[in-house]
Amino acid sequence: MSERILTGIKPTGQLTLGNYIGVLRNLPKMTDRGECIFFIADLHALTLPIEPETLRQNSIDLASFYLAAGLDPKKVTLFLQSSVSEHAELNAIMQNYLYMGELSRMTQFKDKASKMNESAIGLGLFAYPVLMACDIILYDSDVIPVGEDQIQHVEITRDLVNRFNNRYGKVLNMPKYEIRKVGARIMSLSDPTVKMSKSDPKGDIFLKDDMKTVRKKIMSAVTDLGCEVKYDPENKPGISNLLTIYAAMKDISIEEAEKEFVGKRYGEFKTAVADAVIAELEPFQERYKQIVANKEYEAVLKEGAIKAKEMAHKTLVRVQEAVGLLKI
Ligand code: TYM
């Protein structure tokens, strides 16, 4: 049987160049490697406050971004998480097999919760990794392409699979994460010591930014002392981040990127980075606009939900039977 490759993206905030380099742009290639299941994690988007209209709009955007990245709808199953009720049904079972202690140690939870008033932290945010584990388990997924910040969530899924299979026999398939060699963690342009994230407008390049803004943001990215274009994340985090972006956009190694800029000044280097990003982002945005205008995502998502449900249901029944839920 061919590999099952699965990943999801949350429709919160605007998608960034980090999401694009870390995951999105790599997905079309994967369709030749195995069976691809990609989705919009809209239930996960509810774990932080979001306006209904924003969620709807972000979900359309995200579906269109997936397609604009070059995914052939015939070669993937693309759907909204909330259209496949098996995610929530499996969640109701699996929440009993992940424990408070391990969930409270999750970096993403700690990060997000530390910025919130404790009385406003929803149970869904705490239990986030349970639903994510269900997303993965439901499709007997083998490979989970993600950025570095999601590794811990895939690791806890593996713990859950082990725990469950030890108790009930080999019911669940064991997944593993896969990260890019170059670009698994794109950093903020305004503070290259923190990750570029959807909630940081200053340091982000958003996939919907116009090209003038993209160029401006790259040209004013924080750089480091000295004048050598060299990869040294410790001492030169700003330049290293831009080198990573450049190498990722050109599909070359960091070393190859470094060689291109020996003896060049920061200004010249930044112009080349901006050119590389724009060369890819501009046609991407054109495709995105067309897809939104023609509502191309609608039929794809509808069909995707039907296919996904078929797969997910089989696993759900297997789990229900394993734990002793009576099927009459
Ligand atoms: P999300 O929506 O935060 O991010 C989507 C993907 O983008 C990656 N990413 C980055 N990669 C490189 N550099 C960055 N600065 C950067 N920022 C984000 C993320 O690692 C991610 O792969 N929990 C997931 C969504 C999800 C999921 C799943 C993923 C729900 N269920 C099942 C895989 C499998 C999330 O919030 O990603």
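(A) Quick peek at the overall build of the chain. Scanning the chain for helices and strands turns up 15 helices and 5 strands. What you see for the chain is a C-alpha radius of gyration of 21 Å, in line with the 20 Å of a compact globule of 328 residues. Along the first, second and third principal axes, the C-alpha set of the chain runs to 70 × 45 × 40 Å. The buried share of the chain, taken over its 328 residues, is 52%. A sequence separation of at least 24 residues applies to 76% of the contacts in the chain between residues at least 6 apart. Only carbon and sulfur atoms are counted for the fraction: they give 53% of the accessible area of the chain, which is about 15,800 Å². Considering the chain, the positive charge centre built from 44 side chains and the negative charge centre built from 45 side chains are found 0 Å apart.

(B) Inspection of empty space enclosed by the protein at higher detail. Scanning the entire structure with this criterion turns up 3 cavities of 30 Å³ or more. Along the walls of the largest cavity sit 14 residues, with Gln108, Phe109, Lys112, Leu125 and Tyr128 positioned nearest its centre. Those elements that place two or more of their residues in the lining of the largest cavity are helix H3 (42-45), helix H7 (107-114) and helix H9 (128-138). Per-element tally for the lining of the largest cavity: the top contributor is H7, with 3 residues.

(C) Representation of the packing of aromatic side chains within the structure. Under the counting rule described, the total for this entry stands at 12 aromatic pairs. Taken together, a centroid distance of 5.2 Å and an interplanar angle of 70° make the contact between Tyr97 and Phe164 edge-to-face. Taken together, the positions of Tyr97 in the loop between helix H5 (86-94) and helix H6 (100-104) and Phe164 in helix H10 (residues 151-168) put the pair 67 residues apart, joining distant regions of the chain. For Phe164, a relative accessible area of 0% translates into the label buried.

(D) The nonpolar core, seen in detail. Leu24 and Tyr66 are the most contacted members of the largest nonpolar core, which totals 61 residues. Of all the elements, helix H14 (residues 266-293) adds the most residues to this core, at 12 residues. The contact partners of Tyr66, leaving out residues within four places of it in the chain, are Thr7, Gly8, Ile9, Leu24, Leu27, Phe38, Phe39, Ile40, Leu71 and Leu78. With 41 residues, the next largest nonpolar core counts Phe79, Met94, Phe164 and Val319 among its residues.

(E) Just the pairing of strand E1 (residues 3-9), in detail. Counted residue by residue, E1 has 5 buried out of 7 residues, so it is predominantly covered. Sheet topology places E1 next to strand E2 (residues 34-40); 7 bridges connect them, and they run parallel. In the sheet register, Ile9 faces E2, and the bridge partner there is Ile40.

(F) Broad picture of the site of the ligand. Around the ligand, 28 residues are found, and the nearest of them are Tyr128, Asp135, Asp149, Ile186 and Lys198. The separation between an oxygen atom of the ligand and a polar side-chain atom of Asp149 is 2.4 Å. Alone, the ligand offers 720 Å² of accessible surface; in the complex the protein occludes 97% of this. The cavity that encloses the ligand is the largest pocket. Counting only elements with at least two residues in the shell around the ligand, the list comes to E1, helix H1 (17-22) and H9.

(G) Highlighting the layout of surface pockets. Its volume calculated, the largest pocket comes out at about 1,300 Å³. The wall of the largest pocket is formed by 47 residues, among which Lys10, Gln108, Lys112, Asp149 and Lys195 lie closest to the centre. Every element with two or more residues in the lining of the largest pocket is listed here: E1, H1, H7, H9 and strand E4 (143-145).

(H) Fine view of the environment of Gln285. Tracing the backbone through its elements, the reader meets Gln285 in helix H14. Note on Gln285: relative accessible area 9%, which makes it buried. Distance in space between the C-alpha atoms of Gln285 and Lys208 is 7.1 Å, their sequence separation being 77 residues. Residues contacting Gln285, with those up to four places away along its chain left out, are Leu207, Lys208, Asp209 and Met211.

Thresholds applied
- Residues numbered from 1 in each chain as written.
- Predicted model: local features only at pLDDT ≥ 70, side-chain atom pairs only at ≥ 80, totals over all residues.
- Heavy atoms only, no water.
- Helix = DSSP H or I, 4+ residues; strand = E, 2+ residues; numbered from the N terminus.
- Rg over C-alpha atoms; globule rule 2.2 N^0.38 Å.
- Buried < 20%, exposed > 50% of the residue type's maximum accessible area, 1.4 Å probe, protein only.
- Contact = heavy atoms within 4.5 Å.
- Areas by Shrake-Rupley, 256 points an atom, 1.4 Å probe, with all protein chains shown as cover.
- Lys, Arg positive; Asp, Glu negative; His and termini not counted.
- Charge placed at Lys NZ, Arg CZ, Asp CG, Glu CD.
- 1 Å grid on protein atoms, 1.4 Å probe; cavity = no way out; pocket = protein on both sides within 12 Å on 5 of 7 lines; lining within 4 Å.
- Points joined across faces, edges and corners; volume = space filled by probe spheres on them.
- Phe/Tyr/Trp six-rings, centres within 6.5 Å; stacked < 30°, edge-to-face > 60°.
- Core = buried A, V, L, I, M, F, W, Y, C linked by side-chain atoms within 4.5 Å.
- Pairing = 2+ DSSP bridges.
- Near = heavy atom within 4 Å.
- Polar contact = N/O pair within 3.5 Å; in protein donor to acceptor, adjacent residues only side chain to side chain.
- Sits in = over half its atoms within 2 Å of the grid points.

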